[in-house]
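Per-entry structural report
So you can see what is in the structure, the chains are spelled out below.
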Amino acid sequence: MGETKLDRVVEELLGEVAARDGVPAVLEATWDGDTQGWFLDLALICRLGDGDGESRYRRHYLRSLRFGGDIRLFSGEVPPWPEVRVARRLWERLRAARDVELWLPAEEPDDDCPGWLERHQAIACRVCGKPILPRVSPHVPTDVCHPCTHERARQARVQIDYEAGDRNRALFFTSLRGSEIVEQAKVDEIGDLGLHLGGRELFRFKDRIGCARSSYTCVTLAREHVAYLLERLTPRLHGLVAYRDPPPDAGQERGGVIRRRRPFTIGDAPVVLDLNDEHDQWIARLHRLIELLRRADDELRVVLVGNEGITPRHMAIMRPLKRADGHRLALAELAKKLLPELGGEADLHRSLDALAGGECVAARDGHVELLLRGRLVPMSED
Ligand SMILES: [Zn+2]
């Protein structure tokens, strides 16, 4: 908006202000929105007579300023929001003649903010400190403003996206008797565990078991860690079951689609899950993980293994071991297969040490053997 047009809006508003009763005390500018986007409501609070309290004030609506609609978000025109500039310009002009206060609780669109007459009911946003009316939704914090809630969610997503790079996709919960694998539940770290626990909770958990910082992840879960997971995942499972869509009647099923149905017992209730349904697939996977965690005891231990920190170089070393009899090769033979591709012997030993540190391989008696983790790390068969 050019300066001339801006001045014209201010002139029009000054005309409207002059036509109001009472003594102008506050110029109020608060955001509101509709399906077309955001607008700034301008009102003039005037003092009438000399009485006490808020009742001697009258609020006169002036007009709403809506300049560009949400399209501006894409064209990069905002912020600063031109509506806010007009409100400030108007206030400067008013203030030159009268002692008028500006009430502009939010510089960016936010309809949680109170008007001037509601200001005593307001609380400060816990994050940015701006005055807001306490929010009533059960799904959002009551004391964080809308943009701050949105920004937090965005940052959490960025953090998860970053952590969920190629190095860090799958976690394997494995119950072991000795070194024998009894059962295994593979979960996608972000898709399954991240969503069930919540991103922040997941990072807290990984930190707690000591795998947030190590590049290799092969951790035997202590009893308290298993309990920690069960405590959070079990209610989540029951929640997912409670929010299932009712299964289609036999008569409503579309012909030709073979439904994969499987009976489960969740809590005390028998449930038939439809494994063609994405929601039910989630339930089935989470159920499997919980059953596995429940079986952890003195005899069975649960190991969490991730493929974080595994490089293509490591994969290249583990691949021939995976194919070998007993997952075991003489070091000399392994070296012959891998050198010179992977550099000199010193380089190979460095990589083997790293893999041994991550419990992927063990080197003894001139042989290298693939361990638990190596068997679990998904490797392409090329
Ligand atoms: Zn805030």
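Procedures and definitions
Residues numbered from 1 in each chain as written. Predicted model: local features only at pLDDT ≥ 70, side-chain atom pairs only at ≥ 80, totals over all residues. Helix = DSSP H or I, 4+ residues; strand = E, 2+ residues; numbered from the N terminus. Buried ≥ 20, exposed ≤ 12 C-beta atoms within 10 Å, placed from the backbone. Contact = placed C-beta atoms within 7 Å. Core = buried A, V, L, I, M, F, W, Y, C linked by C-beta atoms within 7 Å. Pairing = 2+ DSSP bridges. Axes fitted to C-alpha atoms, helices over the stretch in contact; angles between N-to-C directions. pLDDT = per-residue confidence, 0-100.

The next point concerns the overall build of the protein. When helices and strands are tallied, the protein shows twelve helices and 15 strands. The buried share of the protein, reckoned over its 382 residues, is 24%. A fraction of 57% describes how many contacts in the protein between residues 6 or more apart in sequence connect residues 24 or more apart.

When a protein is soluble and globular, its nonpolar side chains tend to lie buried together. Counting 30 residues, the largest nonpolar core has Leu-27, Leu-40, Leu-42, Ala-87 and Leu-90 as the members making the most contacts within it. Elements supplying a minimum of two residues to this core: α1 (3-18), β1 (23-34), β2 (37-47) and α3 (82-97). What Leu-27 contacts, discounting residues up to four positions off in sequence, is Leu-44, Leu-90, Trp-91, Leu-94, Val-100, Leu-102 and Trp-103. Of all hydrophobic cores here, the second largest spans 14 residues; its members include Phe-173, Leu-229, Leu-286 and Leu-289.

Turning our eyes to something else, we now look at unusual backbone geometry. The backbone phi angle of His-327 is positive, close to 50°, even though this residue is not glycine. Note that His-327 resides in the loop between α9 (312-323) and β13 (328-330). Phi is positive for Asp-365, which is not a glycine, with a value near 50°. Among the structural elements, Asp-365 can be located in the loop between β14 (361-364) and β15 (367-370).

All right, on to the pairing of strand β11 (residues 269-274) then. Sheet analysis places strand β10 (residues 261-266) next to β11, joined by six bridges and oriented antiparallel. Paired with Pro-263 across the bridge in β11 is Val-272.

Time to look at the pairing of β10. When a strand is regular, its side chains alternate between the sheet's two faces. When you tally the buried positions in β10, you get zero out of six residues, a small fraction of the element. With antiparallel pairing between neighbouring strands as the criterion, β10 and β11 make up a hairpin whose turn holds two residues, including Gly-267 at a positive phi of roughly 70°.

Turning our attention to the sheet that holds β14. Judged by pairing direction, the sheet is antiparallel, and its three strands sit side by side in the order β13-β15-β14 without closing on themselves. Edge positions in the sheet fall to β13 and β14, since each has one partner strand and no second. Pairwise comparison of adjacent strand axes, ignoring direction, gives a mean angle of 20° for this sheet. One ladder, built from four bridges, connects β14 with β15; its direction is antiparallel. Bridge pairing in β15 links Val-361 to Leu-370. On the sheet, helix α10 (residues 331-338) packs against β13, β14 and β15 and is oriented at approximately 90° with respect to β13. Contacts from helix α11 (residues 345-357) reach β14 and β15, with the element oriented near 120° to β14.

Now for the environment of Arg-58. Secondary-structure assignment places Arg-58 in strand β3 (residues 57-65). Exposure remark for Arg-58: the 15 C-beta atoms within 10 Å place this residue in the partly exposed category. Considering only alpha carbons, one finds Arg-58 and Arg-20, 38 residues apart in sequence, at a separation of 9.9 Å. Each residue touching Arg-58, except ones within four places of it in the same chain, is listed here: Asp-21, Gly-22, Cys-46 and Leu-48.

If you walk across this open sheet you meet the four strands as β3-β2-β1-β4, and the pairing is mixed. Edge strands, defined here as strands with exactly one partner in the open sheet, are β3 and β4 (101-103). Within the sheet, the average angular offset between the axes of one strand and its neighbour, ignoring direction, is 20°. Pairing of β1 with β2, which is carried by eleven bridges, proceeds in the antiparallel orientation. Residue pairing in the sheet places Asp-34 in a bridge with Gly-37 of β2.

A few words now on the confidence of the model for the protein. Per-residue confidence for the protein gives a mean pLDDT of 77; residues scoring 70 or more make up 76%. Averaged pLDDT values for the elements of the protein fall to 47 in helix α12 (residues 372-376) and rise to 95 in β4. In the predicted structure, residues 373-382 sits below a pLDDT of 50 and forms 24 contacts with residues beyond four places in sequence or in another chain.

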